[in-house]
Amino acid sequence: MSAALSVTDLRVSFNTMLGTVQAVRGVSFDVQPGEVLGVVGESGSGKSVTFLGIMGLLGRSARIEGSARIGDAELVGAAPKVQRKVRGSEMAMIFQDPLSALNPVHRVGAQVAEMLLAHQKGMTHKAANERAVELLDIVGIPQPDQRARQYAHEFSGGMRQRVMIAMAIANNPKVLIADEPTTALDVTVQAQILEVIDRIRKEMGTAVVLITHDLGVVARMADRVQVMYAGRVVERGDVMSIFQSPDHPYTRGLLASLPGLGHERLTPIPGAPPNMLQPPSGCAFRARCPQAIPACASDLPELVKVRLTETACIRANELEVMS
Amino acid sequence: MSDPILQVENLTKNFTVKSAKGLRVVRRTVQAVTDVSLTIGSGQTVGLVGESGSGKTTVGRCVLRLIEPTSGSVKFQGNELVGMPAKHLRGLRRQMQIVFQDPYASLDPKMTVGASIAEPLEIQGVEGNHQDRVAELLDLVGLAPDHARRFPHEFSGGQRQRVGVARALALNPSFIVLDEPVSALDVSIQAGVVNLLQDLQQQLGLSYLFIAHDLSVVRHISDVIAVMYLGKIMEMGPADDLYERPAHPYTQALLSAVPEPDPVAERQRHRIMLQGDVPSPIDPPSGCRFRTRCPIAQERCAAEEPALVDRGQGHPVACHFPQTVPVSVTAR
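What you are looking at is a predicted structure, and each value in this text was computed from that prediction instead of being measured. (Residues numbered from 1 in each chain as written. Chains lettered and ligands numbered in written order. Predicted model: local features only at pLDDT ≥ 70, side-chain atom pairs only at ≥ 80, totals over all residues.)

A. Fine view of the overall build of chain A. Within chain A, the secondary structure is distributed over eleven helices and twelve strands. For a compact globule of 323 residues, the expected C-alpha radius of gyration is about 20 Å, and chain A comes in at 21 Å, within 12% of that figure. On the principal axes, the C-alpha backbone points of chain A span a range of 65 × 50 × 40 Å. In chain A, once contacts between residues fewer than 6 apart in sequence are set aside, the share between residues at least 24 apart is 64%. (Helix = DSSP H or I, 4+ residues; strand = E, 2+ residues; numbered from the N terminus. Rg over C-alpha atoms; globule rule 2.2 N^0.38 Å. Contact = placed C-beta atoms within 7 Å.)

Written as structure tokens, this is what we have:
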């Protein structure tokens, strides 16, 4: 099966007054049709910027290199016209805050219909409006024909996120990128939204990229997990392996820092992520890593299969298997 | 339980909001908190959990009288705070502090961190060398004394929250309201701040009211947990007891909705899915406030409001039909 989205050596940097921020430093991965790829990492790890770059949603200060292919189309460096065509039809994105992503002065149904009219030539307004109501129904909005005539402020947070999902899936995209889709929602509503995303992936075969900092959400939803740190992928594997036998010290540190069932003392990762204006040489995690040796400063570790996962750590072979 | 440091009885807070009805302006009442009672023992941590709009933050603010309660009683070390003149209240405020969620918003960007920490000392007219006290406080929260000269933007999120804690500790309080103190932090950083709060509690004998929506952190830090929904406490009990034997259908749904960082458990888990959203606190449902989303609601639930009492579940539950579910259902 060919990948829905294929990314090779993607690099994103921003020119700022203080210098060049290297937000993404050589990231490669594939997303298969119908799978959920969980992307985890702390703030500033480059997890969102990677996908905003692929979508062409970063401003002019961003410099994007490498390759991102969806089907036959190359997205990096593509003309704005090509990007516009791909965005919303082949690939769509939903965000953390649906209120700021919806237009307050247009009816919700019209905004969903606009997605259809923009990408499907020859579609009539009537057909688009009817399809919009169907889409609102698919994402679980009760009384979709009435709700379609309302405005964003008349919807609750969870319902707004459903509208965003309806817009995103309107043109049956190959890839749905969900950037912290439930972070702003209450847990009981989060459970509903995750259910909708899961159903869409199953019924429509959409590849889903789920960007989140919540390891619980990843454990629940993802087939494969990619852990990012300082603009690079540090570990990748199927969800069971990542949670049960992670090899990278950062992944281990993240899992160990979560509160468990008992009341034993928590184990934070010491220090803070590096400044991406001057990323450290070699492994970016070495300053916080309990396993670091002098050699970690010289070589930039590549992602290689060690045990069950691919790990970017020169010591991965020597480290003891975590229980 | 040791002597209570804080006793809240029948606390109610209504807000008046104006809304347009045609050309007329109508005043309506938001029932943010209704009839909440809880007790915090000396050296104890009480956790308050609930979704947005549940009133948990309002309880925290009312307890410190940062906002005026509509009715009810708040006793701090035996002194009634509701109706206490501002002059007397100021003295007691030394003992009661608060740490907010967003340390970036709660620190003045134009003041050095040292000046921010020293501000409560100046306001309360504390004698002595403030610089020394600031250095001591920074050391207490795991920062270096020379950090006092820096500005908030020079710190990471975790460090900034430590500054917020140092400021709250400046006046040697005995009780601190922690309003979502780690929610804005990354997990690896969050663990360090949680450890700090626990160490300080041990060292200084502090009592905490810990307000949060992250259920695993609340369980970790709290002795007793109260679950709020639409301004009322639905269930309250010792942390482990509540998580292992939740009896209120809302607590059960809440616990079952939280995804666990364990893919095996997640894939086997039975989930209680709640339909719809939380109703508006302007016009809460009659009887039990949870009944509109409750999977086991019956006629009686609309007619009669269930009291928060122990119905043989081992801890108080505000439900006519409490059912203890086995641990495996909610897992955590």
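B. Summary view of helix H4 (residues 113-123) of chain B. Those residues of H4 of chain B lying buried are Val 113, Gly 114, Ser 116, Ile 117 and Ala 118 of chain B. On its buried face, H4 of chain B is in contact with helix H5 (130-140) and helix H6 (157-169) of chain B. (Buried ≥ 20, exposed ≤ 12 C-beta atoms within 10 Å, placed from the backbone.)

C. Here's a closer look at the interface of chain B and chain A. Each side of the interface is counted separately: chain B has 30 residues, and chain A has 34 residues. Of all the secondary structure elements, the ones that give two or more residues to the side of chain B that touches chain A are helix H7 (187-204), helix H8 (215-221), helix H10 (249-257) and helix H11 (263-268) of chain B. Residue contributions to the side of chain B that touches chain A peak at seven residues, all from H7 of chain B. Residues belonging to the side of chain B that touches chain A are distributed by class as follows: 14 nonpolar, eight polar and eight charged. (Nonpolar A, V, L, I, M, F, W, Y, C, P; charged D, E, K, R; others polar.)

D. Geometry of the sheet that holds strand E1 (residues 4-21) of chain B. Residues and elements named next belong to chain B. Pairing is antiparallel across the open sheet formed by four strands, whose spatial order is E2-E1-E4-E5. Two strands close off the open sheet at either side, each with one partner strand: strand E2 (24-41) and strand E5 (79-80). Summarising the sheet, E1 and strand E4 (residues 71-76) pair through five bridges and their orientation is antiparallel. Paired with Glu 9 across the bridge in E4 is Ser 73. Of the strands in this sheet, E1, E2 and E4 are in contact with helix H1 (residues 56-63), which crosses E1 at around 120°. (Pairing = 2+ DSSP bridges. Axes fitted to C-alpha atoms, helices over the stretch in contact; angles between N-to-C directions.)

E. Quick look at the pairing of strand E9 (residues 224-229) of chain A. Residue and element names in this part refer to chain A. Along E9, six of the six residues are buried, which leaves the element largely enclosed by surrounding structure. Residues Arg 224, Gln 226 and Met 228 line one face of E9 and the alternating positions Val 225, Val 227 and Tyr 229 line the opposite face, and both faces are buried. Pairing between strand E3 (residues 36-40) and E9: four bridges, direction parallel. Residue pairing for E9: Val 40 is matched across the bridge by Val 227. Hairpin connection from E9 to strand E10 (residues 232-238): two residues lie between these consecutive antiparallel strands, with Ala 230 at a positive phi of about 50°.

F. Broad picture of the domain arrangement of chain A. All names here are of chain A. Each assigned domain of chain A is listed here: domain 1 (33-46 + 82-222) and domain 2 (229-258 + 268-311). Placing a centre on the C-alpha atoms of domain 1 and another on those of domain 2 gives a separation of 32 Å. With eight residues of domain 1 at the interface, the matching set in domain 2 holds nine residues. Residue composition of the side of domain 1 that touches domain 2, by class: three nonpolar, four polar and one charged. (Domains from an automatic or database assignment.)

G. Geometry of the pairing of strand E4 (residues 62-70) of chain A. Residue and element names in this part refer to chain A. Pairing of strand E1 (residues 5-16) with E4 involves seven bridges; the strand directions are antiparallel. Looking at the pairing, Ser 13 lines up with Arg 63 of E4. Summarising the sheet, E4 and strand E5 (residues 73-74) pair through two bridges and their orientation is antiparallel. Following the sheet pairing, Arg 69 is matched in E5 by Glu 74. Between E4 and E5, which pair antiparallel and follow one another directly, the connecting turn spans two residues, one of which, Gly 71, has a positive phi of 60°.

H. Structural context of the nonpolar core. Val 112, Ala 166, Val 175 and Val 209 of chain A together with Leu 209, Phe 210 and Val 227 of chain B are the most contacted members of the largest nonpolar core, which totals 193 residues. The two domains that each donate at least three residues to this core are domain 1 (33-46 + 82-222) and domain 2 (229-258 + 268-311) of chain A. (Core = buried A, V, L, I, M, F, W, Y, C linked by C-beta atoms within 7 Å.)

I. Highlighting the sheet that holds strand E6 (residues 96-99) of chain B. Residues and elements named next belong to chain B. Taken in spatial order, the six strands line up as E6-E7-E8-E3-E9-E10 in an open sheet, and their pairing is mixed. Every interior strand has two partners, whereas the edge strands, E6 and strand E10 (232-238), have only one. Taking the axes of each pair of neighbouring strands and ignoring which way they run, one obtains an average angle of 15° across the sheet. Here H1 sits on the sheet and contacts strand E3 (45-49), strand E7 (175-179), strand E8 (207-212) and strand E9 (224-229); the angle it forms with E8, its principal contact strand, is near 150°.

J. Region of the structure containing the packing of H4 of chain B against H6 of chain B. Residues and elements named next belong to chain B. Here H4 crosses H6 at 30°, and the two axes come no closer than 7 Å. It follows that H4 is roughly parallel to H6 by the angle criterion. With respect to the hand of their crossing, H4 and H6 are arranged in right-handed fashion. Of H6, the residues touching H4 (which contributes Val 113, Ser 116, Ile 117 and Pro 120) are Val 163, Ala 166 and Arg 167. Across the contact of H4 with H6, the residue classes tally to five nonpolar, one polar and one charged. (Parallel < 35°, antiparallel > 145°, perpendicular 65-115°, else oblique. Left-handed = near helix turned anticlockwise from the far one by under 90°.)

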